[in-house]
Amino acid sequence: MKTLRQVKVGETVTVVKLHGEGAVKRRIMDMGITKGVQVYVRKVAPLGDPVEVNVRGYELSIRKNDAEMIEVL
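Scope of this entry: the structure provided in the associated data block. (Residues numbered from 1 in each chain as written. Predicted model: local features only at pLDDT ≥ 70, side-chain atom pairs only at ≥ 80, totals over all residues. Heavy atoms only, no water.)

1. Section: the pattern of salt bridges
Then comes step 1: Within the structure shown, the criterion is met by six salt bridges.
Then comes step 2: The partner of glutamate 52 in a salt bridge is arginine 42, with the nearest N and O atoms 3.5 Å apart. In this pair, glutamate 52 sits in strand S4 (residues 51–55) while arginine 42 sits in strand S3 (residues 38–44), placing the two residues 10 residues apart along the sequence.
Then comes step 3: According to the relative accessible area criterion, glutamate 52 is buried, its value standing at 17%. (Salt bridge = Lys/Arg side-chain N within 4 Å of Asp/Glu carboxyl O. Helix = DSSP H or I, 4+ residues; strand = E, 2+ residues; numbered from the N terminus. Buried < 20%, exposed > 50% of the residue type's maximum accessible area, 1.4 Å probe, protein only.)

Take a look at the structure:
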C-alpha cells in the first residue's frame with residue numbers, strides 16, 4: 001500500500017482509496033480528493049509537512065497525517 005505521503009516530488013498518482021473515518025474523511029473529500037482523481041505532488045516543505053499538491057486544477061496543501069490516509073497507485 002502506497003500513500004500520498006510516500007510519493008516523490010514531480011510524480012502524478014491516482015487515488016485508490018481514502019482511509020480514516022467521519023469528519024476527517026469528509027474533509028479530505030471536500031478538498032476534491034476522491035477515488036480515481038489524479039494528484040500531482042508539486043513540493044514538500046523542508047520538514048515534510050505540509051505537502052503541496054495539484055488536484056483538479058488547483059493547488060492544495062495537505063498535512064502529512066492526512067496524506068497518510070490517502071492510498072494511491
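Let us keep going from here.
2. Some thoughts on the nonpolar core
Most often, soluble globular proteins have nonpolar side chains that are buried together.
Then comes step 1: Leu4, Ile33, Val39, Val53, Ile62 and Ile70 are the most contacted members of the largest nonpolar core, which has 19 residues in total.
Then comes step 2: Mapped onto this core, the elements with two or more residues apiece are strand S2 (12–18), S3, S4, strand S5 (58–62) and strand S6 (70–72).
Then comes step 3: When sequence neighbours within four positions are dropped, the list of residues in contact with valine 39 reads Leu4, Glu11, Thr12, Val13, Val15, Val53, Asn54 and Val55. (Core = buried A, V, L, I, M, F, W, Y, C linked by side-chain atoms within 4.5 Å. Contact = heavy atoms within 4.5 Å.)

3. Structural notes on the sheet that holds S3
Then comes step 1: Strands sit in the order S1-S6-S2-S3-S4-S5 across an open sheet of six strands; the sheet is antiparallel. The open sheet has two edge strands with one neighbour each: strand S1 (2–3) and S5.
Then comes step 2: In this structure, S2 lies alongside S6, joined through three bridges in antiparallel fashion. Of the residues in S6, the one forming a bridge with lysine 17 is glutamate 71. (Pairing = 2+ DSSP bridges.)

4. Quick word on the side chain of glutamate 71
Then comes step 1: Tracing the chain through its elements places glutamate 71 in strand S6.
Then comes step 2: For the buried residue glutamate 71, which engages in no salt bridge, the nearest side chain bearing the opposite charge is lysine 17, 5.6 Å off.
Then comes step 3: Within the local environment of glutamate 71, its side chain forms a polar contact with the side chain of histidine 19, the two groups lying 2.8 Å apart.
Then comes step 4: Setting aside anything within four residues of it in sequence, one finds glutamate 71 in contact with Met1, Lys2, Thr3, Thr14, Val15, Val16, Lys17 and His19. (Lys, Arg positive; Asp, Glu negative; His and termini not counted. Polar contact = N/O pair within 3.5 Å; in protein donor to acceptor, adjacent residues only side chain to side chain.)

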